[in-house]
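Fold and contact review
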Amino acid sequence: MSATTGQKSGLRLVPGPRPDQTGIAAGTVVLTADGALPVDFLEPGDRIVTRAGLRVLRAVHRRRYSGRAIRIAAGALGHGRPEQAMVLPAHAPVLVRGERAMARFGRESIVVAVAGLADGVLILPAEAVSMRLYDLRFDAPEIVYAEGLEIACLAADGRARLAAE
């Protein structure tokens, strides 16, 4: 498929998990043009800081999720990544880059389901029971900054998630 965020980003579209298996947990802080705000307060029309720059949020889908999840300790993926402990659905796509991506996946950057990062120490399997999730949608798939993690979000029309090339 075609690149969506320019040649420098090295990101492309790939088939992803079902949208009901991903999302950002209530209370998670997302970077916006107005500063860091809990995902709970975001609305269509807000300008969100993405890896590709400021993008207009087109839709927010809210739902409850029960199932496999991953608990990530503060700093488990590097300094301030995440900024505090957080829980994501196991299939939530996150961007991993730099030394960690090279050591674990043999690539400079890669989008993977957060479950693929489980190490049994700082990134652990968990069960979510009725976790409130927010699915952010844009004109094209985007990477948003949530608690210091880079999380992939779908396009408003449901197009697949981003992957690093």
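Residues numbered from 1 in each chain as written. Predicted model: local features only at pLDDT ≥ 70, side-chain atom pairs only at ≥ 80, totals over all residues. Heavy atoms only, no water.

1. Some details on the side chain of D135
Going by this rule: A run of H or I in DSSP becomes a helix once it reaches four residues, and a run of E becomes a strand once it reaches two; helices and strands are each numbered from the N terminus. Residue burial is assigned from relative accessible area. The probe radius is 1.4 Å, only protein chains are included, and a residue is buried under 20% of its type maximum, exposed over 50%, and partly exposed in between. Polar contact criterion, stated in full: a pair of N or O atoms within 3.5 Å, where within protein one must be able to donate a hydrogen and the other to accept it, and residues adjacent in sequence count only if both atoms are side-chain atoms.
Secondary-structure assignment places D135 in strand β11 (residues 123-137). Look at D135 and you get buried, because its relative accessible area is 5%. Here the side chain of D135 touches R137 through a polar contact of 2.9 Å, side chain to side chain.

2. Remarks on the nonpolar core
Note the cut-off: The criterion is simple. A nonpolar core is a set of buried Ala, Val, Leu, Ile, Met, Phe, Trp, Tyr and Cys residues joined through side-chain atoms within 4.5 Å. Contact between two residues is taken to exist if any of their heavy atoms lie within 4.5 Å; hydrogens are not considered.
Core analysis: the biggest nonpolar cluster contains 31 residues, and I72, L88, V94, V114, L117, L136 and I151 have the highest contact counts within it. Listed by contribution, the elements that provide at least two residues to this core are β7 (59-72), β8 (86-89), β9 (93-97), β10 (109-113), β11, β12 (142-146) and β13 (149-153). In contact with V94, other than residues within four places in its own chain, are L88, I110, V111, V112, V114, L117, E150 and I151. Residues A25, A69, V87 and M131 belong to the second largest nonpolar core, which totals 7 residues.

3. Quick word on the pattern of salt bridges
Stated formally: Salt bridge, as used here: a side-chain nitrogen of Lys or Arg that lies within 4 Å of a carboxyl oxygen of Asp or Glu.
Taken as a whole and assessed by the stated rule, the structure comprises 7 salt bridges. Across the salt bridge formed by D135 and R137, the nearest N and O atoms sit 2.9 Å from each other. Here R137 falls in the buried class, since its relative accessible area comes to 8%. Here the residues in one salt-bridge network are R51, R81, R97 and E150, joined through shared partners.

4. Considering the sheet that holds β11
We count it as follows: At least two bridges found by DSSP between two strands is the condition for calling them paired.
Spatially, β2-β11-β7-β8 is the arrangement adopted by the 4 strands of the open sheet, whose pairing is antiparallel. Looking at strand neighbours, the two that pair on one side only are β2 (24-25) and β8, the edges of this open sheet. Taken together, the 2 bridges between β2 and β11 define a ladder with antiparallel strand orientation. Across the sheet, residue A25 finds its bridge partner in β11, namely L133.

5. Digging into empty space enclosed by the protein
Our working definition: Buried and open spaces are told apart on a 1 Å grid over the protein atoms alone, a cavity being a set of points where a 1.4 Å probe fits but cannot get out and a pocket being an open set with protein on both sides within 12 Å along at least five of seven lines. Residues with an atom within 4 Å of a point are the lining residues. Grid points are joined across faces, edges and corners, and a volume is the space filled by probe spheres set on the points.
The tally for this structure, following the rule as stated, stands at 2 cavities of 30 Å³ or more. If you add up the space inside the second largest cavity, you get close to 30 Å³. Lining the second largest cavity are L77, R81, L95, V96, R97 and R100. Among the elements that take part in the lining of the second largest cavity, β9 stands out by supplying 3 residues, more than any other.

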